[in-house]
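Breakdown of the fold
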Amino acid sequence: MRIGIVNNGIGNVGSVLSALKFYKYGVSLLESPESIDESDALVLAGVGSFASGVSSLRSSGFWKRLQEAVTVEKKHVLGLCLGMQLFATAGFENGEHEGFGWIPGRVVRLDGTDDKVPHIGWTEVEYHESPLFRGIRYGSFYFMHSYHFVPENPETVIATALHGSRSIVAAVRSGNIVGLQFHPEKSQGDGLRILRNIMEEFACAIRG
Amino acid sequence: MAQELERCTRCMLPVTWETIFFDEEGVCNICKNWDTKQKEINWEEREQQLLEIFKEVKARKGDYDCIVPFSGGKDSTFTLWAVVRKYGLRPLVVSFDHWFYRPRTIENRKRAFMRLGVDVLTFTPNWRVVRKLMFQALFRKGDFCWHCHAGVFAFPMQMAVKLGIPLLIWGEGGGEYEAYFKFADLEETDEWKFNRRIVLGLRAEDMAGFIGEDPRDLKPYIYPSKDELEKAGVRSLPLGKYHPWDVRKHVEIIKEELGWQEDEIESAYPGPTYEKVECMFTGIRDYIKYLKRGFSRMTHLTTLDIRHGRMSREQAVEFVKKYEGRKPASLPVFLQYIGMTEDEFNEVVATHLIPPAPRVDPNSLPEGEPLWDQSLWFHDDASMKKVERT
Amino acid sequence: MRHKRIIPQFLLKGDRLVKGTAFKDHIDVGDPVSQAMIYDAQGAEEILIVDIEATTQGRIISPALIERIISKCRLPVAAGGGVRSLADARSLFRSGADKVVLNSGAVEVEVLVESMAAEFGSQSVLVSLDVCFLPERNDWEVVVRSGAMRTGIMISEAIDKAVRSGAGEILLTSIDREGTLNGFDCALYKHVQPLIPVPFVAGGGAGCYDHIVELFDTTSVDACGLGKMLALRDYDIVRIKSYLHGRGIAVRDA
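Below or above, wherever it landed, is the structure these notes cover. (Residues numbered from 1 in each chain as written. Chains lettered and ligands numbered in written order. Predicted model: local features only at pLDDT ≥ 70, side-chain atom pairs only at ≥ 80, totals over all residues. Heavy atoms only, no water.)

Overview of the overall build of chain B
What counts, and what does not: By definition, any uninterrupted DSSP run of H or I lasting at least four residues is a helix, any uninterrupted run of E lasting at least two residues is a strand, and each is numbered from the N terminus. What the globule rule says is 2.2 Å times the number of residues to the power 0.38, and the radius of gyration is computed from C-alpha atoms. For every residue, the accessible area (1.4 Å probe, protein chains only) is compared with the maximum for its type, and the residue is labelled buried under 20%, exposed over 50%, or partly exposed between those bounds. In this analysis, two residues are considered to be in contact whenever any of their non-hydrogen atoms come within 4.5 Å of each other. Here the open area of atoms and residues is found with the Shrake-Rupley method and a 1.4 Å probe, where only the protein chains shown may cover a residue.
Counting its regular elements, chain B contains 15 helices and five strands. Against the compact-globule benchmark of 21 Å for 390 residues, chain B has a radius of gyration of 21 Å, which places it among compact chains. The principal-axis extents of the C-alpha atoms in chain B amount to approximately 60 × 50 × 40 Å. Looking at the 390 residues of chain B, the share that counts as buried comes to 57%. In chain B, of all internal contacts separated by at least 6 residues, the share reaching a separation of at least 24 is 76%. In the structure as shown, chain B presents an accessible area of about 17200 Å², 51% of it carried by carbon and sulfur atoms.

Concerning the overall build of chain C
Heads up, the condition is: Only four residue types enter the charge count: Lys and Arg as positive, Asp and Glu as negative, with His and the chain ends excluded. Think of each charge as sitting on NZ of Lys, CZ of Arg, CG of Asp or CD of Glu.
Scanning chain C from terminus to terminus reveals ten helices and twelve strands. Relative to a compact globule of 254 residues, whose C-alpha radius of gyration would be 18 Å, chain C shows 17 Å and is just as compact. Oriented by its inertia axes, the alpha-carbon framework of chain C measures out at about 45 × 45 × 40 Å. For chain C, with 254 residues in total, the buried portion stands at 68%. When the accessible surface of chain C is totalled, it reaches about 8000 Å², and 49% of it is carbon and sulfur. Of note, chain C has its 28 positive side-chain charges centred 2 Å away from the centre of its 33 negative side-chain charges.

Here's the deal with the interface of chain A and chain C
For clarity, the threshold we go by: The quantity reported as buried area is the accessible area (1.4 Å probe) lost by two parts once they are put together, taken as the sum for both. Salt bridges are defined by distance alone: a side-chain nitrogen of Lys or Arg within 4 Å of a carboxyl oxygen of Asp or Glu.
Residue-level contacts link 36 residues of chain A with 36 residues of chain C. Here chain A and chain C share an interface that buries about 2800 Å² over both sides, 49% of which is from carbon and sulfur atoms. Among the residues chain A hides against chain C, the three largest losses belong to Lys116(A), Trp122(A) and Gln188(A). Together they make up 23% of the total. For Lys116(A), the salt bridge is made with Asp222(C), and the minimal N-O distance between the two is 2.9 Å.

Brief notes about the packing of helix H12 (residues 297-307) of chain B against helix H13 (residues 313-323) of chain B
Residue and element names in this part refer to chain B. Our working definition: A fitted line through C-alpha atoms serves as each axis, taken over the contacting stretch for helices, and the angle formed by two N-to-C directions is quoted from 0 to 180°. An angle below 35 degrees is treated as roughly parallel, one above 145 as roughly antiparallel, one from 65 to 115 as roughly perpendicular, and anything else as oblique. Handedness of a helix crossing follows the sense of rotation of the near helix relative to the far helix, less than a right angle counterclockwise being left-handed and clockwise being right-handed. Any residue outside Ala, Val, Leu, Ile, Met, Phe, Trp, Tyr, Cys, Pro, Asp, Glu, Lys and Arg is labelled polar, Gly included; the first ten of those are nonpolar and the last four are charged.
Across the interface, H12 lies against H13 with an axial gap of 9 Å and an inter-helix angle of 165°. Judged on the interaxial angle alone, H13 and H12 are roughly antiparallel. In the crossing of H12 with H13, the sense of the turn from one axis to the other is right-handed. Along the contact surface, H12 presents Met298, Thr299, Thr302 and Ile306, while H13 presents Arg313, Ala316, Phe319, Val320 and Tyr323. Among the residues making up the contact of H12 with H13, the classes are represented as six nonpolar, two polar and one charged.

Overview of the nonpolar core
Nonpolar side chains in soluble globular proteins tend to be buried together. We count it as follows: Here, the term nonpolar core denotes a set of buried Ala, Val, Leu, Ile, Met, Phe, Trp, Tyr and Cys residues that are joined through side-chain atoms within 4.5 Å.
Core analysis: the largest hydrophobic core is formed by 164 residues, its most contacted members being Trp146(B), Phe281(B) and Ile49(C). Look past the residues within four positions of Ile49(C) in its chain and what remains in contact with it is Phe10(C), Leu12(C), Leu17(C), Pro32(C), Ile61(C), Leu65(C), Ile66(C), Ile69(C), Val77(C), Ala78(C), Ala79(C) and Gly80(C). Core analysis: the second largest hydrophobic core is formed by 44 residues, Val57(B), Val118(B), Leu239(B) and Val320(B) among them.

Quick look at the sheet that holds strand S2 (residues 26-30) of chain A
Residue and element names in this part refer to chain A. Stated precisely, the cut-off is as follows: Two strands qualify as a pair provided that DSSP identifies no fewer than 2 bridges between them.
Spatial ordering of the open sheet is given by S2-S1-S3-S4-S13-S12-S11-S8-S9, a layout of nine strands whose pairing is mixed. Each edge of the open sheet is held by one strand with a lone partner, namely S2 and strand S9 (140-145). Sheet twist, expressed as the mean angle between neighbouring strand axes with direction ignored, is 30°. Judged from the four bridges that link them, strand S4 (residues 76-80) and strand S13 (residues 177-180) form a sheet pairing that is parallel. For Gly79, the partnering residue across the bridge sits in S13 and is Gly179. Helix H5 (residues 188-207) contacts strand S1 (2-6), strand S3 (41-44), S4, strand S8 (119-127), S9, strand S12 (166-174) and S13 of the sheet and is inclined by roughly 160° relative to S4.

Notes on unusual backbone geometry
The peptide bond linking Val117(A) to Pro118(A) adopts the cis configuration, its omega dihedral lying at 5°. With respect to the helices and strands, the residue Pro118(A) is situated in the loop between strand S7 (105-109) and S8. The residue after Pro355(B), namely Pro356(B), is reached through a cis peptide bond having omega 10°. The phi angle at Asn138(C) is positive, at roughly 50°, despite the residue not being glycine. If you trace the backbone, Asn138(C) turns up in the loop between strand S7 (125-134) and strand S8 (139-144). The phi angle at Leu181(C) is positive, at roughly 60°, despite the residue not being glycine. Look at Leu181(C) and you get buried, because its relative accessible area is 17%.

Considering the sheet that holds strand S6 (residues 97-98) of chain A
All names here are of chain A. The strand order across the open sheet built from four strands is S6-S5-S7-S10, with neighbouring strands paired in mixed fashion. On the outer flanks of this sheet lie S6 and strand S10 (147-151), each paired with one strand and no other. Relative to S6, strand S5 (residues 90-91) is paired through two bridges, and the arrangement is antiparallel. In the sheet register, Ala90 faces S6, and the bridge partner there is Glu98.

Points about the packing of aromatic side chains
For clarity, the cut-off: Pairing of aromatic rings covers Phe, Tyr and Trp, the last counted by its six-membered ring, and requires centre-to-centre distances within 6.5 Å; plane angles under 30 degrees mean stacked, over 60 mean edge-to-face, and any other angle means tilted. In this scheme, Lys NZ or Arg CZ marks a charge over a ring once it lies within 6 Å of the ring centre and within 35 degrees of the ring normal.
By the definition in use, this model includes 40 aromatic pairs over all chains. Plain terms: the ring middles of Trp122(A) and Tyr142(A) are 6.0 Å apart, the flat faces sit at 70° to each other, and that makes the pair edge-to-face. Here the residue Trp122(A) occupies a position in strand S8, and Tyr142(A) occupies one in strand S9, the gap between them amounting to 20 residues. Grouping residues by exposure puts Trp122(A) and Tyr142(A) together as buried. Seen from their ring centres, Phe281(B) and Trp377(B) are 6.1 Å apart, and the 85° between their planes marks the pair as edge-to-face. With Phe281(B) in the loop between helix H10 (247-258) and helix H11 (282-293) and Trp377(B) in the segment after helix H15 (342-350), the pair connects residues that are 96 residues apart, well separated along the chain. By relative accessible area, which is 7% here, Trp377(B) ends up buried. One aromatic cluster in this structure is built from Trp99(B), Phe100(B), Trp127(B), Phe144(B), Phe281(B), Tyr287(B), Phe334(B), Tyr337(B), Phe345(B) and Trp377(B). Over the ring of Phe22(A) we find Lys226(B); its NZ or CZ atom is 3.9 Å from the centre of that ring.

As for the side chain of Ser128(C)
In this structure, Ser128(C) sits in strand S7. Contacts of Ser128(C), omitting those with residues within four sequence positions, involve Val101(C), Leu102(C), Asn103(C) and Leu171(C).

Below you can see the structure in the form of C-alpha cells.
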C-alpha cells in the first residue's frame, strides 16, 4: 500500500512522515495533485487556520484532485487536526469557509467551556471498542486546537475527549474517511500505535 | 537524622527513593507493585514461552546461541549458570570491565568460567576517558558510574550486532526495586529504556561535548540504532520476566555449583553479603546516596527483609539507625581514581542534595572499617594524578 | 481534571544546549537531539527549544536542527529564536515544529503575534516573556534579547497585548529566579494569572520536587518549564512525576 502525505506547505508533514516510516510503510510526500494518482491511501495533516488551509489547497490544485480521489475513487484518507477539520461542510474561523463536506458538520470555536482555549496538552480519549484503538496503552493524546468539529451525524464520532466538562470530538470515521483531532505523530507510543492501526485498516480494506 | 524522612509505613523506603509515592495509608507504590507481582503472574506460562524461544534459538545453530552480559555479581552469575546448565544454550559471555572489579570477584569470575566452560569477551574501556566521564557524571548528576551504566548496557548490544548473535539474556527485569518500567512493546524499545533510565539523562553525544574528546572515544557507550538492531534481529530477554526472581535461592545455587563466594561491603550489615560485591566503589556510591537522599543501602536491605517477612519494621529501624551514615574507608582510594580532593568532592556532592533530605555534614560522620582487600586494589600514580579544574 | 504539563526548556547556543544563572555564565549541557530523545523517553509533555543568540545575530533557530529533533523525538516541539516574520515561522512549521515561540519578536515587531495567530492559529503561537522584578515599582518589567535589553513595558501590559493579539499560550520566566534552583516566583504568577485566559506556562527557578508542588498548589498555571534542575541535578521526569502524583498533583504518567 502506498501512502501519500499531501505536502502543500500547510502542515508539519515531516513528523507524520517520520512516524509512518517507523513502521516501514511505503510513504512519500505528495508535491503535486497528480501524484495522488500513485497513492492508495492519503494523509492530510495541517497546522494553521481553516481559511489558510482551504486557500492553500485550492491554489495548489490539491483541493479538486482530493475531492475526486476521496468521493469518486473512494481512496482512503486520514485527516490530522486541521486536516480532519477540513472534512467538514464549513468552518467558522474568521468568517465562514467551505470545507470538503465529506463528513457533514461544522467547525466552530471551542467557546463556552470551563477550560482554557486553545485546548493544549495531553488529554485522555474515550473510545469504544474498535480496531483503530487496539493495543493503546495509556490513552492520552496531544491536542492543540482552538476550534472543534461538530458533525451532524453522531454515528461518525468514534472517540471523544473532555475539554473542561464538555465532550468534544477526538476522532471521526465514515467509510473510507478517518479523522483525528489530536496529533498522533506527537503522542509517543500510543500515537504511533493508532497510526499503525489506521494504516492496517486501510490496507485491509484495500486488499479485501 | 534519617528518621526525619517520611517513609513507607510497610517497608523502609523513604520519600526520596526514586519513583516512590504513598497511598492514603502511607504504603508505597513499590510495595503495591510487589503485591501484583506475587499474585497475578502465571509463571508456568512464562516458562513455556521461554522454552519455546530457546528451542527456536538452538535450532538456528549459530556460533553462539546468545550473549550473556556478565559482571560476576550474583545476578549475572546465576543467569549464566541457568543459560548453560539449566537451558543448555551456547552463550558468548560479554563483560564490560569498569576498572573497579574486586579481587574476590575476579576469582568468582574465573571459577564460573572454568566450571561452566564458556567463551568470554571482556572489554576494558580507555581509562583516561573513563576518568573524565566519572567526573562529569559526578558533577552533573551526583553519580560517577555513568560509564558503567552506559557501557554495561550498550556494549553487549553492540557486540550482538557486530557478531550477529541475535539474543541477549539479562538477569532480572526490574520492578522489584523501581516503578520505572511497565511493560515492553514495539514502540517502547530497549533503547527507550536506555534513554529513559539507564544513562542518567546523558547520552554519548552529550558526554562527548563535555569531555572534549574525539567522539570516537565514546563509542563503547553508544546504544545501537533501531535500524542496526532490526537488521541483525537482535532482541533482549530479561530472565526475570520468565522466572520469579528468588535471590536467596539463586545465591545458594551459584555457591554450590560455581563456588561463588560472598564478600563484605562497606555499607551493609557487617559480615559477608551477596549484594553488590563486585565493585570496589559500592561503598562510595552508597555514601554519596546517603549525602544526597538521606538514606542508603541499609534502608534498601531492611526493606527487602521486611517484604520477605524476615524482619519487623521495628528491628529495621534499629539497624538503619546503627549502620547507615558512615564515611567509607575507601574514600581516599576513590579520590585518587577520580582525581579530586575530599573538599572538592564534598562541594560537588553537596550541590546534589535532594530535598526534603536533610543536609548532612560529611565531617561529622564516623568512619567505617576498611575492607580486607582495599590495600590490594590497583594503584598507579601516573594514571591517578589529581586533576586541576578551574 | 486537566493534567499539569512538565516541559524541559532547552536553550540553544551554537549547536549545543546551555544552562546559566539569570541568563549568564552558560555552560554546555548537551546535544539538542540527544537531549530531546532523553526527555521523550522519560515522558515529558513537550520540548521547548529557543536559540538564545538568534535575535542578536539576525537569524532564526536552525530549521535543519528542528528537523533532526523531530526525526528522533515523538513529542510536540515548541521552537523559537529570532522569529520576526510569517516566513520565519513558516520555515519552522515546515521543519516540524508544532508551536513557534516569540520572545523579542513579540515585543519588537508590531502585529507579529496578530498576523501569526491569524495565519497559523492561536494554538501555534507561544509568547514567551522574560521579566525582572523592580522593587521600586513592586512590579515586573519585560526584558528582551536574552536579558540584555529592558523594554520599559510592565508585565500586565505585555500580557494583555499578547492575549488580545491572539497568543495561544504564554510562557513567563523570571530572570531573577532562572538557574538559581531557588524556586519559582509564585508571587509573579499569582499576580498575572487572572489576566491569562489561555494556557499559562511558568518558567525559571525550579530546584527540587517541592518547588514544583508549591507552584501547582498555590497558582493556577497549567505547566512548568524545567531547566537546570533537569540538566545539572539528579532529577528526571519519571521521578518528578511520581513525586507529584504522590502529592496529589494531576500529571500524565511519565
